[in-house]
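Here is what each chain is made of, one letter per residue.
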Amino acid sequence: MLATTIPAAGERARAVDTFAKDPAGYVAPLIAMRRQFSGGIPLPRLKQLCTESGFASPARARTLLVHLRHLGFVESSPERRKGEPQAYAATAKFIEAWRGQALAGLEGGVILEPEVGLLCYALGRPEVFATFARIQAENLMAGASNFDLQAPLTRALLHRNAGSQISWALLSASDDGFPPRTTLKVSIAALARRFDVSRVHVRRLLAECERERLLARESEGVARFADVGRESIRYFYAQQLVSLLVSAAQTRKAMASRRPEGAGE
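Residues numbered from 1 in each chain as written. Predicted model: local features only at pLDDT ≥ 70, side-chain atom pairs only at ≥ 80, totals over all residues. Heavy atoms only, no water.

Colleague: How should the sheet that holds strand β5 (residues 215–219) be read in this particular structure?
Modeller: Hydrogen bonds between backbone groups are what pair the strands of a sheet, and the pairing can be parallel or antiparallel. Taken in spatial order, the three strands line up as β4-β6-β5 in an open sheet, and their pairing is antiparallel. The open sheet terminates on both sides in strands that have one partner only, identified here as β4 (184–185) and β5. Sheet topology places β5 next to strand β6 (residues 222–225); four bridges connect them, and they run antiparallel. Following the sheet pairing, L215 is matched in β6 by F225. (Pairing = 2+ DSSP bridges. Helix = DSSP H or I, 4+ residues; strand = E, 2+ residues; numbered from the N terminus.)

Put into structure tokens, the structure is as follows:
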């Protein structure tokens, strides 16, 4: 479900899709949005948090900020004290686009925990979404140290440009298990066109997946997920789903604590 809904959300919000191509492109805007609800974030602080997460260098943080401004996803905060660096806050355009991404993930979580559906229903309320975004960013930062940068899936795909998107495309290519057990038709040209990268880049990523024993090529344009890598892939995405469900549960708890006594859900 996740492998279907998340790429579909990216197709609907192409601007989000252009930068959420790797962990750094995902983490930086999430941090910026979290800080949006407290007056924005200056570039030095964004650099620091991206570096602490281990997902992006200071130079990459600056590049991501420039790109976010170009897309109209962040803007200069009007509140600036003399001598302080300019802070940047997420725009309404970005918040709405990111809400769609969050909803796509939560819809997958409903399968394991139906009560997540209540959060999906409430995510349109600004105070609920602000709470969820803050908690998700905090949990992501707290768990960054446990992210295995040397894991085969990370090295081969997730830390490469469009690697996360290509992994979702392969994982959703068949409904025969997760990862799929059947052989998959893999079109390098189609993947390159869909995710706006070169064919050479896609070919290198697939070759790296073979070296890391994640994929086994059957013939030209046909591959399957290798048995040796299936368990590590399942484990990684299970971790992502658990993190999402934890953020959802903590959001509901936080919102319940704010509700007046006797008020409904």
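From this point, the discussion proceeds with the structure in view.
Colleague: Mind showing me how you'd approach the sheet that holds strand β2 (residues 74–76) here?
Modeller: Taking strand neighbours across the sheet as the criterion, the three strands line up as β1-β3-β2 in an open arrangement whose pairing is antiparallel. The open sheet has two edge strands with one neighbour each: β1 (41–42) and β2. Across two bridges, the pairing between β1 and strand β3 (residues 87–90) is antiparallel. Opposite I41, over in β3, you have Y88 as the bridge partner. Here helix α5 (residues 58–70) sits on the sheet and contacts β2 and β3; the angle it forms with β2, its principal contact strand, is near 95 degrees. (Contact = heavy atoms within 4.5 Å. Axes fitted to C-alpha atoms, helices over the stretch in contact; angles between N-to-C directions.)

Colleague: How do you make sense of the pattern of salt bridges when you look at a structure like this?
Modeller: Side chains bearing opposite charge may pair, as long as their charged atoms lie close to each other. This structure, assessed with the given rule, holds nine salt bridges. A salt bridge links E212 to R155; the shortest N-O distance between them is 2.7 Å. Of the two residues, E212 is situated in the loop between α12 (199–211) and β5 and R155 in helix α9 (residues 152–158); the sequence distance between them amounts to 57 residues. Classification of E212 by relative accessible area gives buried; the value is 15%. Overall, R155 belongs to the partly exposed group, its relative accessible area being 32%. Between R211 and E208 there is a salt bridge, with its nearest N and O atoms 2.6 Å apart. Remark: E208 and R211 occur in helix α12; sequence separation between them is three residues, near one turn of the helix. (Salt bridge = Lys/Arg side-chain N within 4 Å of Asp/Glu carboxyl O. Buried < 20%, exposed > 50% of the residue type's maximum accessible area, 1.4 Å probe, protein only.)

Colleague: What am I meant to see in the nonpolar core here?
Modeller: Within soluble globular proteins, side chains that are nonpolar tend to cluster in buried spots. One finds L46 and L106 to be the most contacted residues of the largest nonpolar core, which totals 71 residues. Apart from residues lying up to four places away in sequence, L106 is in contact with V116, L119, C120, L123, F132, L244 and A248. (Core = buried A, V, L, I, M, F, W, Y, C linked by side-chain atoms within 4.5 Å.)

Colleague: Honestly, the packing of aromatic side chains in this entry has me stumped. Any pointers?
Modeller: Two aromatic rings are characterised by how far apart their centres lie and by the angle between their planes. The full count for this structure, using the stated rule, is five aromatic pairs. Their ring planes at 40 degrees and their centres at 5.0 Å tell us that F73 and F94 sit as a pair that is tilted. Within this pair, whereas F73 is found in the loop between α5 and β2, its partner F94 is found in helix α6 (residues 92–109), the two being separated by 21 residues in sequence. F94 shares its class with F73; the two are buried. Seen in terms of ring centroids, F236 and Y237 are 5.0 Å apart; in terms of plane orientation they differ by 90 degrees. Their pairing is edge-to-face. By the burial criterion, F236 is buried, and Y237 matches it. An aromatic cluster of at least three residues, connected via ring pairs, comprises W168, F178, F236 and Y237. (Phe/Tyr/Trp six-rings, centres within 6.5 Å; stacked < 30°, edge-to-face > 60°.)

Colleague: Looking at this structure, how should I read the packing of helix α11 (residues 188–195) against α12?
Modeller: Axes are the key here: two packed helices are described by the angle between their axes and the distance separating the axes. Close contact between α11 and α12 brings their axes to 8 Å; oriented N to C, the two are set at 115 degrees. For the element pair α11 and α12, the recorded crossing hand is right-handed. Within the contact between the two elements, α11 uses I188, A189, L191 and A192 and α12 uses R199, V202, R203 and L206. Taken together, the residues that form the contact of α11 with α12 break down as six nonpolar, no polar and two charged. (Left-handed = near helix turned anticlockwise from the far one by under 90°. Nonpolar A, V, L, I, M, F, W, Y, C, P; charged D, E, K, R; others polar.)

Colleague: Help me out: how do you make sense of a nonpolar patch on the surface in this one?
Modeller: On the surface, a nonpolar cluster with roughly 340 Å² of combined accessible area is contributed by M1, I111 and L112. Judged by its relative accessible area of 49%, M1 falls in the partly exposed class. (Patch = residues over 30% accessible without salt bridge, like charges linked within 9 Å, V, L, I, M, F, W, Y side chains within 5 Å. Areas by Shrake-Rupley, 256 points an atom, 1.4 Å probe, with all protein chains shown as cover.)

Colleague: I'm lost on unusual backbone geometry in this one. Help?
Modeller: What you tend to see is this: most non-glycine residues have negative phi, and most peptide bonds are trans. The omega torsion of the bond from F178 to P179 falls at -5 degrees, within 30 degrees of zero and hence cis. As for its position among the elements, P179 is in the loop between α10 (163–171) and β4. Backbone geometry at R213 places phi at a positive 65 degrees, although glycine is not the residue there. The residue R213 is located in the loop between α12 and β5 in this model.

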